[in-house]
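Each chain, letter by letter, is given below.
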Amino acid sequence: MAKPLPSSVLCKPVCRARGGVHPPHNKFTAQSATQTLPLPAAVTIPLAQHIGAPCLPVVSVGQQVFVGTLLADRTDALCAPIHSSVSGTVKAIGPMICAGGRLADGVTIETDGNQTPDPDLQPFPVSSAEDLVAAARACGLVGLGGAGFPTHIKLRPSPEQPIDTILINAAECEPHITSDDRACLEDTPLIVRGMHTLLAALQPKQVIVGIENNKPKAIEALVREIEGNPDAENWLRVMPLPSHYPHGAEKILVQVATGRRVPAGKIPSFVGCSVLNVSSLAVLQNFIETGMPLTHRRITVDGPAVINPQNLLAPIGTAIQELLDFVGVHEPPAKVLSGGPMMGSALLNTAMPVVKQTNAVLAFDKKNDLSDRHQAPCIRCGRCATACPMSLMPTLIERYAKINDIENLRRVGVGVCMECGSCAYSCPAHRPLVQYMRLAKEIERKGRT
Amino acid sequence: MADSSKLTVSASPHFHCGETTAALMGDVLLALLPAVVMSGVLFGWHSILLIAVSVTACLVFEYVTRLLLKRPNSLADLSAAVTGVLLALNLPSNVPWWLPIIGAFVAIVVVKQFFGGIGQNFVNPALVGRITLMVSFPQYMTANQWAVPTTDAVTSATPLASIANGDLPSITEMFSKTADVDPLSMFLGLRPGSMGETCIAALLLGGLYLCVRKVISPVIPLVFMGTTVGITWIFGQNPYYNLMAGGLVLGAVFMATDYTTCPINLKGKIVYAIGCGVITAVIRLWGGMPEGVSIAIVLMNILVPHIEKLTTPKPFGYVKERKEGNV
């Protein structure tokens, strides 16, 4: 580095996170500038890409659409609107399997190759918290870190607890994934302008970017950009975090950045914090400035089966197979993930489309797909409990889940599990603990009603 | 696209640290190696033979029981081998060759497999094997007849047995009277005793290896040894002697830290180790037996579920549920 970074912009975490694990970083694509994927012949855009109800289509078969044209929305339930990522003609609207295995409608659009932006798109100036919420909704924004929670719900000011700290999540603690890292490097001015927008609209005491210290270039780029803006220097901060999984988890980030603990069953706004993924912020600021909603995604395509790992900018709705064809695979992959190796989900097939939350596509060969792992009995070594960032005892919870012990599951607080995978990662008996945790949460949830 | 149906679908995470049960048990065996070698050096080839008999018996019993119970073969996890070595190291070197076989039967068949195999036993198998032999064959196990290291066929009381019998009223006297129990000799294992317990140097080396490899946490051994030494010191005994004599180090490092029978959480581990230490000290000071390490560990093993229930950590962001009507 040329000169030491100014200490006025950098800040330190206030406490350490409990537990966690150290999986290999495998950030092989950190140096690869984002390439734009050649436009596919057709895209299929699912209408359920968020936590909440599927959207209802507002276009019909045969209709001409442009980049950014609204495809689907609804006002009667929690959702984030869906926009077209290409210009072309709607070919079909029909049921398809969406992320997480649920069935919802998808809109298939044949591309015309022009990528004409929708002529009706207008910049969306924001001057208040209400404007910001409206912008996030109109943009179709969801948590791009992988959770898919509609951003406008998150930004909604709470009457009881004013937001005093906004955390921009660039931790990217999952192995392999570098899409947020690349966003920090390639969209630095946009991100810092976005921080200004948040500052102006929500008026917090500070806006902090939380970023793991294995991304020195991104940290430097952000610090330099903020530094060049003396009037905001007092409000904007960059906080390098230890490279320790799962520092990107919302509750952990809030804890290490502010020392506050989000109570079980609550969201960060309950303790005066709001957490926004860094890529989400870039998309939001771009929408505010140009009116272009969320249509494309920066995706890390990597994994042991990939020949030429890189970051790709792909239209939402592109088949995963198109990404794999572009980067090349050694042999037909044995396992393909959407998301990182710790929390990503294994795909049923590669015809499934890229969705808003797809931050990575990882292809594994037979040698690395863990299908040969032998499940052994628990020896009570306690590694799962040591690794759990939420202070749970996964081995005990597995036992309670097997005997449907709702009362004890409630007593040990199984609901706070965020399925980060630290327990199963460290289990020497190779027990599928995350699966048991999901089962246990389901049992506890059903028992509550 | 043709192969899309062949994709593996499994629950996350899709990475694993690579640790296995067999590797952990292998590390324990490696950590026991210095003690095994030293038992051979100190007590002769007979002790190595006894260890071999004990390990073989444990493996055979494990294999046969699993076969009869129609359960998958579990020899590969190496836990039976660990039990075999530990059982043998807890015996004096001049017991008859068939004694470890009886101990192995109790340990593997009764304590381990009858309760469901690895991870399910509620007490330490090797220790119950040893206690059973101690109760059933006192002539071999508790008499003042134990072999003295590096000598031929001479037997002598163990240092702790000597105190209990009143032969050696004060530690200071004993150190000055008996040439073969000076501090260094005791550290190196030149004293009568079970074949694996005498060489403290070898045991500490093994313990250090396990801590460095993070197979065990040092909490239980340190608290256990500290409690016993502290209490016996308060009551006027020599702390160094109490650490070196008897099975305290072997028990604290290798037996009390058995995963299955010790608490998982830090607080529980501390409570459990203090309990082990107190019971050992009480037996040493006022008990009818000269040694209490194995009894102390087994007693505390039984209390583990209760300790665990009382020391479960609060989950992240846990808030006490408000009582009804108290809003």
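Please read these numbers as outputs of a predicted model, since none were measured by experiment. (Residues numbered from 1 in each chain as written. Chains lettered and ligands numbered in written order. Predicted model: local features only at pLDDT ≥ 70, side-chain atom pairs only at ≥ 80, totals over all residues. Heavy atoms only, no water.)

Another point: the overall build of chain A. Along its length, chain A carries 13 helices and 17 strands. Here the C-alpha atoms of chain A give a radius of gyration of 22 Å, agreeing with the 22 Å that 2.2 N^0.38 yields for 449 residues. Reported as C-alpha extents along the three principal axes, the dimensions of chain A are approximately 65 × 50 × 50 Å. A fraction of 73% describes how many contacts in chain A between residues 6 or more apart in sequence connect residues 24 or more apart. Accessible surface, chain A as shown: approximately 17,200 Å² in total, 54% of it carbon and sulfur. (Helix = DSSP H or I, 4+ residues; strand = E, 2+ residues; numbered from the N terminus. Rg over C-alpha atoms; globule rule 2.2 N^0.38 Å. Contact = heavy atoms within 4.5 Å. Areas by Shrake-Rupley, 256 points an atom, 1.4 Å probe, with all protein chains shown as cover.)

Right, let's get into the pairing of strand E11 (residues 236-241) of chain A. Residue and element names in this part refer to chain A. Counting buried residues along E11, five of its six residues qualify, which places the element largely inside the surrounding structure. As judged from the six bridges shared by strand E10 (residues 206-212) and E11, these two strands associate in the parallel manner. The partner of Ile211 across the bridge, within E11, is Pro240. (Buried < 20%, exposed > 50% of the residue type's maximum accessible area, 1.4 Å probe, protein only. Pairing = 2+ DSSP bridges.)

What follows concerns the interface of chain B and chain A. You'll often see interface size given as the accessible area lost when the parts meet. Listed by partner, the interface residues are 42 residues for chain B and 68 residues for chain A. Roughly 4,400 Å² of surface becomes buried between chain B and chain A when both sides are summed, with 60% attributable to carbon and sulfur atoms. Considering only the surface of chain B that becomes buried against chain A, B:His14, B:Phe15 and B:Phe316 emerge as the three largest contributors, covering 22% of it. Between B:Glu308 and A:Arg380 there is a salt bridge, with its nearest N and O atoms 2.8 Å apart. Taken together, the connections running from chain B to chain A amount to 18 residue pairs in polar contact (both at pLDDT 80 or more). Contributing elements (two or more residues each) for the side of chain B that touches chain A: helix H1 (21-43) and helix H15 (293-311) of chain B. Of the residues contributing to the side of chain B that touches chain A, the split by class is 20 nonpolar, 14 polar and eight charged. (Buried area = accessible area lost by both parts, 1.4 Å probe. Salt bridge = Lys/Arg side-chain N within 4 Å of Asp/Glu carboxyl O. Polar contact = N/O pair within 3.5 Å; in protein donor to acceptor, adjacent residues only side chain to side chain. Nonpolar A, V, L, I, M, F, W, Y, C, P; charged D, E, K, R; others polar.)

Residue and element names in this part refer to chain A. One open sheet holds the four strands; their spatial order is E2-E8-E7-E4, and the pairing between them is antiparallel. Across the chains shown, the open sheet's two edge strands, defined by having one partner strand only, are strand E2 (42-46) and strand E4 (64-65). Relative to strand E8 (residues 103-111), strand E7 (residues 88-97) runs antiparallel, the two being bridged by nine bridges. Looking at E8, one finds that Met96 is bridged to Ala104.

Attention shifts here to the packing of helix H4 (residues 188-202) of chain A against helix H7 (residues 278-290) of chain A. Angle between the axes and distance between the axes: these two values describe a pair of packed helices. Residues and elements named next belong to chain A. Put simply, H4 and H7 touch, their axes get as near as 8 Å, and they point 80° apart. Viewed along their axes, H4 and H7 adopt a mutual orientation that is roughly perpendicular. Contacts between H4 and H7 involve Leu190, Ile191, Arg193, Gly194, Met195, Thr197 and Leu198 from the former and Val278, Leu281, Ala282, Gln285, Asn286, Ile288 and Glu289 from the latter. By residue class, the composition of the contact of H4 with H7 is eight nonpolar, four polar and two charged. (Axes fitted to C-alpha atoms, helices over the stretch in contact; angles between N-to-C directions. Parallel < 35°, antiparallel > 145°, perpendicular 65-115°, else oblique.)

What follows concerns the state of the cysteines. Counting across every chain of the model gives zero disulfides over all chains. Of all cysteine sulfurs, the one in A:Cys427 lies closest to A:Cys381, which takes part in no disulfide; the gap is 6.3 Å. Here A:Cys381 falls in the buried class, since its relative accessible area comes to 16%. Cysteine B:Cys211 shares no disulfide, and the gap to the nearest cysteine sulfur, in B:Cys262, comes to 12 Å. With relative accessibility at 25%, the residue B:Cys211 sits in the partly exposed group. (Disulfide = S-S within 2.5 Å.)

This part covers the sheet that holds strand E13 (residues 296-302) of chain A. Residue and element names in this part refer to chain A. Pairing in this open sheet of six strands is mixed, and the strands run E1-E14-E13-E17-E15-E16 from one edge to the other. A single partner strand is all that each edge strand has here, and the edge strands are strand E1 (35-36) and strand E16 (345-346). Two strands pair when backbone bridges link them, and strand E15 (residues 335-338) and strand E17 (residues 360-364) are joined in this way by four bridges, in the antiparallel orientation. For Lys335, the partnering residue across the bridge sits in E17 and is Phe364. Relative to the sheet, helix H3 (residues 179-186) contacts E13 and strand E14 (310-315), its axis offset from that of E13 by approximately 125°.

Residues and elements named next belong to chain A. Turning to its location among the elements, Arg431 is positioned in the loop between helix H12 (422-426) and helix H13 (433-448). Within polar-contact distance, the side chain of Arg431 engages the side chain of Glu398 at 2.8 Å. Contact partners of Arg431, with chain neighbours within four places excluded, come to Gln375, Ala376, Pro377, Cys378, Glu398, Lys402, Ala424 and Tyr436.

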